[in-house]
Amino acid sequence: MNRLALSVSSAIARVTESALGPYQTAVIRIGFSATWLLFLLREFPHREELYGPDGPWNWDLAQQLIAVNHAFTALMWSDSGGWFEFVYVLAVLASFLLLLGWRTRTMSVLFMLGVLSLQNRSVFVGDGGDNVLHLMSVYLVFTRCGQVWSLDARRARWVRSEGAARARGERIADRVGVVLWAVLGFALVAVTAGGRFDGVDPTVPVIVWLVWLALAVWWVVGRRAKSAEPRILLDVVGNIVHNGALFVIMAEACLIYATAGWYKIQGSRWQDGTAVYYPLHLDYFSPWPGLADLLSSSGTLVMLVTYGTVVVQVAFPFTLFNRRVKNVLLAAMMTEHAVIAVVLGLPFFSLAMIAADSVFLPTSFLRRLGDWVARARARVVARRGRTPLPGPRAPENPEPTHANSPA
Amino acid sequence: MRYQVGAALALAVVAVAVCVHLGMVFLHVAPSNTVTKAHGKAIDDWVYPEFEQNWKLFAPNPLQQNIAVQARAEVQAKSGEIRTTGWYDLSAEDGRAIDGNLLPSHTQQNELRRALDFFLATHDSDNRPSGLRGSLSENYLRRIVVLRLDREDAAGKGGVVEQVQVRTRTTNVPPPKWSTEKISDKPIYRVLPWWSVATDDTDTDTDGGAE
């Protein structure tokens with residue numbers, strides 16, 4: 001009994017005192033925002049046909065469907081071409097800034113609004129990759145995904161060193177943050193008062209308002225509170241919400257694989273070992289027919305890949321209890337998605353799935369990856385002959401000793 | 001102490017929210033069962049519209065047929081003469097655009113394919129639409145076809161597309177070489193009725209996707 005109480009209290013301590021998986025949440029932030037950014041840039045020449053007011057799924061058709069399904073999309077606020085272009089560019093900008101981790105929380109909200117606005121506007125042009133981005137863009141809002149590998153983290157380091165240098169008590173004003181918050185708040189009030197949220201499912205309006213108010217409370221408490229406790233409480237709440245969202249993201253990835261795997265088991269083609277042959281020979285999924293023929297030239301090989309796919313998908317959630325087996329399966333799944341990207345012509349779906357997979361990567365691997373990228377960048381900068389950046393950065397480690405979770 | 005109560009409260013709220021959300025999403029992706037039959041409405045209310053998901057990727061069986069969308073037009077020429085064009089294989093054009101392409105566009109890979117899925121899912125075998133979604137899907141498919149035929153310049157110089165007709169051509173993927181299975185390689189056609197082109201169908205921005 002005592003043991004149980006002890007382990008419960010240590011679990012509570014873990015989820016309250018730190019935002020777990022700083023590297024994992026950073027890598028999925030970068031992964032999802034990069035996927036969406038590249039997609040938007042790739043579709044830039046096709047943007048009007050896919051999402052524009054005069055595309056085949058025009059504003060009027062979208063309006064009729066949205067009146068029934070109540071999905072959120074800022075693109076229904078006006079049928080003008082200018083508004084559409086503005087929203088598209090804003091979506092590009094938000095994904096770029098989220099990628100960099102500039103004002104991460106605010107950008108994650110704008111990123112979500114961009115993803116939902118475009119996808120909900122034209123639901124019939126998306127595929128599984130869009131579906132993954134849709135869900136993850138909502139979940140990301142609740143995470144502290146800018147703790148490392150972000151401009152926010154760099155600014156925090158700067159404030160800490162600067163703050164130590166300056167006289168105690170003197171605060172470093174964050175004018176940009178305040179202005180950003182005020183401008184977006186003004187827009188939010190205008191949108192709400194203008195009735196743009198009427199008839200919309202409450203999920204998105206509630207999230208946006210909550211984040212906006214939370215940012216205000218955070219700022220006021222940070223500046224005004226006389227004791228440290230209110231600030232600590234807010235930090236604890238932020239950690240709890242982050243850890244909850246991280247858990248949801250991991251569970252969602254497991255649900256994706258479990259559903260995909262368990263439904264496959266019931267299919268005759270997955271049972272007779274020929275399933276993988278068929279998508280390779282569909283006109284819409286065979287950019288390289290020669291390669292597809294080569295891959296499916298051996299019946300035994302096709303059967304092994306077919307069975308292997310099902311085994312890996314069904315087994316994956318259970319292997320999370322064993323670190324080593326999990327890592328092997330993770331490598332297998334990421335490889336399979338990389339192959340799918342090329343062979344089935346699904347680059348953005350595959351990128352989104354690889355980004356989702358990477359939430360399970362081990363911290364040690366991610367830190368090595370981060371060091372490697374930092375060194376490569378330093379080398380590139382040095383080769384250009386410019387004055388080198390201020391020394392190699394000290395390894396970031398916001399999480400002391402017990403940082404090896406959740407992988 | 002006050003702050004500890006606050007933290008405990010936050011922990012409880014988040015824990016409950018996470019459990020409820022994951023439970024709802026699980027029931028949404030699970031096959032129809034005792035619980036979903038009893039509480040289907042509550043699950044749908046929670047999941048739709050923003051948490052909808054479908055992960056039956058190539059499951060239970062991958063698609064084993066190539067379904068091509070073909071279209072033709074009835075054109076009024078400048079002289080007033082009415083003629084019917086030949087069939088344009090729009091899916092074959094998509095296929096050619098995808099061939100050798102590392103980054104296929106959603107306009108090539110999803111637009112027509114999913115518009116047809118939407119149409120077939122909202123029409124019976126006599127091509128009668130069911131409800132609002134049926135009529136939306138008809139409008140959508142027609143507008144895609146008009147856009148594509150316009151890019152093909154099906155109307156010719158000075159001509160106007162008055163009506164369009166769509167048919168699907170379904171061919172089985174031939175069984176693998178090593179297999180002993182025998183299946184028909186004859187295409188099956190499904191011909192949809194002629195649709196008059198609405199005035200705003202041709203307003204579509206035709207520069208948007210021209211490669």
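What you see is a predicted model, and the numbers here were worked out from it, not measured in a lab. (Residues numbered from 1 in each chain as written. Chains lettered and ligands numbered in written order. Predicted model: local features only at pLDDT ≥ 70, side-chain atom pairs only at ≥ 80, totals over all residues. Heavy atoms only, no water.)

1. A word on the overall build of chain B
- Secondary structure summary: chain B contains 6 helices and 6 strands in total.
- Each helix and strand of chain B, placed in order from N terminus to C terminus, yields the pattern α-α-β-β-β-α-α-α-α-β-β-β.
- In terms of overall dimensions, chain B is more spread out than a globule: its C-alpha atoms have a radius of gyration of 24 Å, far above the 17 Å expected for 211 residues.
- Partitioning the intrachain contacts of chain B with sequence separation of at least 6 by distance along the chain shows that 61% fall at a separation of at least 24.
- Total accessible area computed for chain B in this model is approximately 11,200 Å², and 55% of it derives from carbon and sulfur atoms.
- In chain B, the 23 positive side-chain charges and the 27 negative ones have mean positions that sit 6 Å from each other. (Helix = DSSP H or I, 4+ residues; strand = E, 2+ residues; numbered from the N terminus. Rg over C-alpha atoms; globule rule 2.2 N^0.38 Å. Contact = heavy atoms within 4.5 Å. Areas by Shrake-Rupley, 256 points an atom, 1.4 Å probe, with all protein chains shown as cover. Lys, Arg positive; Asp, Glu negative; His and termini not counted. Charge placed at Lys NZ, Arg CZ, Asp CG, Glu CD.)

2. Comments concerning helix H16 (residues 347–357) of chain A
- Of all 11 residues in H16 of chain A, 9 are buried, a share of seventy percent or more.
- All of the buried residues along H16 of chain A are Pro347, Phe348, Phe349, Ser350, Ala352, Met353, Ala355, Ala356 and Asp357 of chain A. (Buried < 20%, exposed > 50% of the residue type's maximum accessible area, 1.4 Å probe, protein only.)

3. Let's talk about the domain arrangement of chain B
- Parsing chain B into structural domains produces domain 1 (2–47) and domain 2 (65–203).
- For domain 1 of chain B and domain 2 of chain B, the distance between their C-alpha centres works out to 42 Å. (Domains from an automatic or database assignment.)

4. Considering the pattern of salt bridges
All names here are of chain A.
- Throughout the structure, instances matching the rule amount to 14 salt bridges over all chains.
- For Asp174, the salt bridge goes to Arg103, with nearest N and O atoms at 2.9 Å. With Asp174 in the loop between helix H8 (151–165) and helix H9 (175–193) and Arg103 in the loop between helix H5 (81–100) and helix H6 (104–121), this residue pair connects regions lying 71 residues apart in the sequence.
- What makes Arg103 buried here is its relative accessible area of 10%.
- One salt bridge connects Arg155 with Asp152, and the closest N-O pair in it is separated by 3.4 Å. (Salt bridge = Lys/Arg side-chain N within 4 Å of Asp/Glu carboxyl O.)

5. Considerations on the environment of Lys326 of chain A
- Among the structural elements, Lys326 of chain A can be located in helix H15 (residues 323–343).
- For the pair formed by Lys326 of chain A and Phe360 of chain A, sequence separation is 34 residues and the distance between their alpha carbons is 8.4 Å.

6. With respect to the pairing of strand S1 (residues 65–76) of chain B
All names here are of chain B.
- Here 12 bridges tie S1 to strand S4 (residues 160–172), and the two strands are oriented antiparallel to one another. Across the sheet, Asn66 pairs through a bridge with Thr171, a residue of S4.
- Bridge count between S1 and strand S3 (residues 88–89): 2 bridges; the pairing is antiparallel. Residue pairing in the sheet places Ala71 in a bridge with Tyr88 of S3.
- Connecting the antiparallel pair S1 and strand S2 (residues 82–84) is a turn made up of 5 residues, with Gly80 showing a positive phi of about 100°. (Pairing = 2+ DSSP bridges.)

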